[in-house]
Structure formats: structure tokens, C-alpha cells
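# What the coordinates show
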Amino acid sequence: MAIPEQLLFNELSQLIERSKAFVATQANSTLTLLFWKIGKRINETILQNRRAEYGKQIVPTLSTQLENKYGRNFTEKNVRRMLQFAELFSDEQIVVTLSRQLTWSHFLTLIPLKNDEARLFYAREVLNRQLGIRELRKLIAVKTFERTDIANTQLAVNSIIPFNTFKDPYILDFLNLKDGYLEHDLETAILSELERFILEIGKGFAFVERQKRMIIDGDDFSLDLLFYHRTLKRLVAIELKLGKFQAKHKGQMELYLKWLDKYERQEGENAPIGLILCAESSREQIELLEMHKDGIMVAEYWTELPPKKELEHKIHALLIEVRERIERNKSLPK
């Protein structure tokens, strides 16, 4: 095939592939909306009848009729999922928006979650990061919503750091660090697994520099890792600490952020923010220091992923702890 003909063939192939992808997306969206409407209509009929027995009878009857006529999509199990879908995602406009990128399988993964906030959080993650089912299940398994919620408790409504920017703790099991590792080992491991590290810290982060050198009053200082957040349009400084968080770490990060703001911040960018990653946090110190006012977040990092039950227990305990602390603070005299 001559080169011009090959180029034409490639161009036409791209057109066909894009059209096929569009048709598949439209088909998925239409099918998902159909399932939602079926679930909504059956729910309305059950509610209008106001008899529990009627609800138990109508679903098996209808599903059998629908399956006989339209196939396996309408088994009793699937129809009951449609009822749940319509009940849990009650706003049709939200369903229309989500169904443009979320498949029916995405929604089936979200339905078992225990609260609306978590479902919408993960739905937005799928939209923003174009996640498949496997990636979504991984986010849910490692408690991404809960860890983001824990980090958000450090922030106030008027905080420099937007909500949902950071997590606490971060799970860095993919670094495969051995016992007795040093800060340099941690930094090197992160850089060697940079893509996975960015996946863990979140969408929008782009690596800028390692050991960012700063000369202040003739003295050399080095920031461990410097990132840029494309969505927030700001530099993000990351410091790594092997031990427990100490109050002096705040002063160090403040100095780095002020230097970055003065010498590295470009026109149109927002003020830099900082993340201090520690092996163990000191939650009362962090609270007293009100670090969010200076654009600083402190989070733990875990180099091992605990077994599922242990992970659930640890994250649940952290959530209870931070929420109880917030409630105690509300009751204190101003």
C-alpha cells in the first residue's frame, strides 16, 4: 500500500474506532438509564400499594415475565439491583451525568457501600480518573473515602488547602521497604515507583524535583520532594519523616513554603501548600498548631497494607478518634 493510501487508511481507522467507542458509550448510558427507570417505576408501584406482601410478589412475577421476553438482564437478582439502584441514586440528573462514563458494573460496585457520600465520592473518582472496575474496587478496598475523610478533619471551611486534596494515612506498601530503612531509602523507593505513588496521592499531581535546594542566609536547605498540582494550580511540597511528627516540623515546612512562594511561584499560580508524611502522627499537636491555616497537612504513611479486617478496624478507630476530638472541641468555651 502506498504511503498516502496508508495514511488515509489510518485516518479512516481512527474515525471508525472513535465512532465505535461513542456508540458503546451511548449504549451503556441508555441501558443504565433504562435500569434506573425500571427500578424507579417498580419502587413507585410498591410504595403506592403500601403492602409488604405485594412487594414480595411483584418482583419475582415481573422479573420472570421480563426475562422470558428480553433475556438475562432481567433475572430477579438483577431487577432487585435495579430497585436498589433507583433508591440509592434517587436524582435522575445525577444518574444521567454519571452514566456517561460509569457502566452498570460500576454502579453495581457502588450500591453495597453504606452511605451516599461514599458512593458519590467514588463515582467522582471514576469520572475524574477514568477508572475501570478493577481500579474502583481497589480504591474501595483500601478505604480511600475514609482516609480522605480523616485528612479533611484537619481542615476548616476557610482553609488554604481544598477539601479532598490529601488522605490520611497513605498506604505505600508497593515500595517494598525492608526493616531498618532510612529516609533516603524511602525517598528513592518513591521515585522508583513514582507512577504508583502519584496514583496513591491522587489525580493532578505532577513530579517537579527531588531534593529541591534552597539557599537561605547562606545556609543550604533541601526539600525532599516537590510536586505541582495541575488542578489546584499550585506547588505541593512533600517532606518525609521516619519517626513521629514533631512540632518543629511545622516551622521547617513553613520556611520551605515561604521560600517557594517568593522564588518559585509563577504568575497565575496559587500559594504553595505542604504535606508532611510521618511514620506516626501526633494528632493533638497537629490540632493545637492549626497547621491548615498555613497550608500544611500532616499524614501518616504505612509501608504495609494490613489484612482486610485489620485495615477496617484501624481506619474505623481513626475516624472515631478524630470525630470525637472535633465534638470535644465544639463543647469547649471559646
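Bear in mind the structure is a predicted one, so any value in this text is a computation, not a measurement. (Residues numbered from 1 in each chain as written. Predicted model: local features only at pLDDT ≥ 70, side-chain atom pairs only at ≥ 80, totals over all residues. Heavy atoms only, no water.)

### Structural notes on unusual backbone geometry
Inclusion rule: Secondary structure elements follow DSSP: runs of H or I no shorter than four residues count as helices, runs of E no shorter than two count as strands, and numbering proceeds from the N terminus.
Note that the residue after aspartate 168, namely proline 169, is joined by a cis bond; omega there is 0°. Among the structural elements, proline 169 can be located in the loop between α8 (144-152) and β1 (170-171). Even without a glycine there, the phi angle at lysine 233 is positive, about 55°. Tracing the backbone through its elements, the reader meets lysine 233 in the loop between β3 (219-229) and β4 (234-244). Positive phi values are uncommon outside glycine, yet glutamate 290 reaches one of about 45°. Note that glutamate 290 resides in the loop between α12 (283-289) and β6 (296-302).

### Focus on the pairing of β4
How we decide: For each residue, the accessible area found with a 1.4 Å probe, counting protein chains only, is set against the maximum for its type, and the residue is called buried under 20%, exposed over 50%, and partly exposed in between. Two strands are said to pair when DSSP picks up at least two bridges between them.
Within β4, eight of the eleven residues are buried, which leaves it mostly tucked inside the rest of the structure. Where β3 meets β4, five bridges bridge the pair, whose relative direction is antiparallel. Counterpart to leucine 226 in the pairing with β4 is alanine 237. Counted along the chain from β3 to the antiparallel partner β4, the turn is four residues long, and its residue lysine 233 has a positive phi close to 55°.

### Comments concerning the sheet that holds strand β5 (residues 273-280)
Inclusion rule: Only heavy atoms matter for contacts: two residues are in contact if any of them lie within 4.5 Å across the pair. Orientation is described by axes fitted as lines to C-alpha atoms, over the contacting stretch for helices, and by angles from 0 to 180 degrees between their N-to-C directions.
Spatially, β1-β6-β5-β4-β3-β2 is the arrangement adopted by the six strands of the open sheet, whose pairing is mixed. Strands with a single pairing partner mark the edges of an open sheet, and in this sheet they are β1 and β2 (205-216). Where β2 lies against β3, ten bridges are found, and the strand directions are antiparallel. Across the sheet, the residue bridging to arginine 210 is leucine 225, located in β3. Sheet strands touched by helix α9 (residues 183-192): β2, β3, β4 and β6. Its angle to β4, the strand with the most contacts, is close to 135°.

### Comments concerning the nonpolar core
Rules: Buried residues of nine kinds, namely Ala, Val, Leu, Ile, Met, Phe, Trp, Tyr and Cys, make up a nonpolar core once their side-chain atoms join them within 4.5 Å.
Core analysis: the largest hydrophobic core is formed by 32 residues, its most contacted members being Phe85, Phe89, Phe107, Leu110 and Tyr122. For this core, the secondary structure elements donating two or more residues are α1 (3-49), α2 (52-70), α3 (76-88), α4 (92-98), α5 (104-110), α6 (116-129) and α7 (133-141). Ignoring anything within four residues of it in the chain, the contact list for phenylalanine 85 reads Thr32, Phe35, Trp36, Val95, Trp104, Phe107 and Ile111. Formed by 29 residues, the second largest nonpolar core is a distinct cluster that contains Leu155, Leu175, Leu232 and Ile273.

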